[in-house]
Amino acid sequence: MDNFEKYALALMVVFGALIIGGLMAVNIAWAHKAGFLYALGAAVVVWSAGFAVLFDKPRVYGLLLLCAIALITASIVVVVR
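Here the structure is a predicted model, which means the values were calculated and not measured.

Visitor: What is the right way to look at helix α3 (residues 58-80) in this model?
Guide: Since the α-helix advances by 3.6 residues per turn, residues separated by three or four positions end up pointing in the same direction. Between its first and last C-alpha, α3 extends 33 Å over 23 residues, near the 33 Å set by a 1.5 Å rise per residue. Residues of α3 that are buried include every one of Y61, L64, A68, S75, V78 and V79, and no others.

Visitor: I'm lost on the packing of aromatic side chains in this one. Help?
Guide: The geometry of an aromatic ring pair is captured by two quantities: the separation of the ring centres and the angle between the planes. Inspection of the entire model under this criterion finds one aromatic pair. Residues W47 and F51 carry aromatic rings whose centres are separated by 5.0 Å and whose planes lie at 85° to one another, so their mutual orientation is edge-to-face. In this pair, W47 and F51 both sit in helix α2 (residues 33-54), four residues apart, roughly one turn of the helix.

Visitor: Explain the packing of α2 against α3 to me, please; I cannot follow it from the model alone.
Guide: Any two packed helices are characterised by the angle at which their axes cross and by the distance between the axes. Packing of α2 against α3 leaves a shortest axis separation of 8 Å and a crossing angle of 165°. Comparing the axis directions of α2 and α3 gives the class roughly antiparallel. For the element pair α2 and α3, the recorded crossing hand is left-handed. For the pair α2 and α3, the contacting residues are G35, Y38, A39, G41, A42, V45, V46, S48, A49, A52 and V53 in the first and V60, Y61, L64, C67, A68, L71, I72, A74, S75 and V78 in the second. Partitioned by chemical class, the residues of the contact of α2 with α3 number 17 nonpolar, four polar and no charged.

Visitor: It is not clear to me how the environment of F51 should be interpreted in this structure. Could you clarify?
Guide: Judged by its relative accessible area of 29%, F51 is partly exposed. Once the C-alpha coordinates of F51 and L11 are considered, the two residues, 40 residues apart in sequence, prove to be 9.8 Å apart.

Visitor: Explain unusual backbone geometry to me, please; I cannot follow it from the model alone.
Guide: Across the chain, the bulk of peptide bonds are trans and the bulk of non-glycine residues have phi less than zero. Of note in the backbone geometry, A31 takes a positive phi value of approximately 60° without being a glycine. Along the chain, A31 falls in the loop between α1 (3-29) and α2. If you check the backbone angles, D56 has positive phi at about 55° while not being a glycine. Take D56: it is sitting in the loop between α2 and α3.

Visitor: Can you help me understand α2 in this one?
Guide: Between its first and last C-alpha, α2 extends 32 Å over 22 residues, near the 32 Å set by a 1.5 Å rise per residue. Where α2 is concerned, the buried positions are G35, A39, A42, A43, V45, V46, A49, G50, A52 and V53. Backbone geometry just after α2 places D56 at a positive phi near 55°.

Cut-offs applied
- Residues numbered from 1 in each chain as written.
- Predicted model: local features only at pLDDT ≥ 70, side-chain atom pairs only at ≥ 80, totals over all residues.
- Heavy atoms only, no water.
- Helix = DSSP H or I, 4+ residues; strand = E, 2+ residues; numbered from the N terminus.
- Expected span 1.5 Å × (residues − 1).
- Buried < 20%, exposed > 50% of the residue type's maximum accessible area, 1.4 Å probe, protein only.
- Phe/Tyr/Trp six-rings, centres within 6.5 Å; stacked < 30°, edge-to-face > 60°.
- Axes fitted to C-alpha atoms, helices over the stretch in contact; angles between N-to-C directions.
- Parallel < 35°, antiparallel > 145°, perpendicular 65-115°, else oblique.
- Left-handed = near helix turned anticlockwise from the far one by under 90°.
- Contact = heavy atoms within 4.5 Å.
- Nonpolar A, V, L, I, M, F, W, Y, C, P; charged D, E, K, R; others polar.

Below, the structure written as structure tokens:
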């Protein structure tokens, strides 16, 4: 495994499973359907961003990361409000 593969794997595991998974759990516990769907969308986007790193597409990675940040922000807004 080279550095790109290790980085892509770390990105998928850390962001997809831990952070966004916790955000999905909070939204399920507090019965916020919209917040859960935003967090789920962010998880899918971050998971696919790992493939952008794997295939060496930095612009696609940046775009997906911005999209994931927007979805995570929207999910946090639903929880706070």
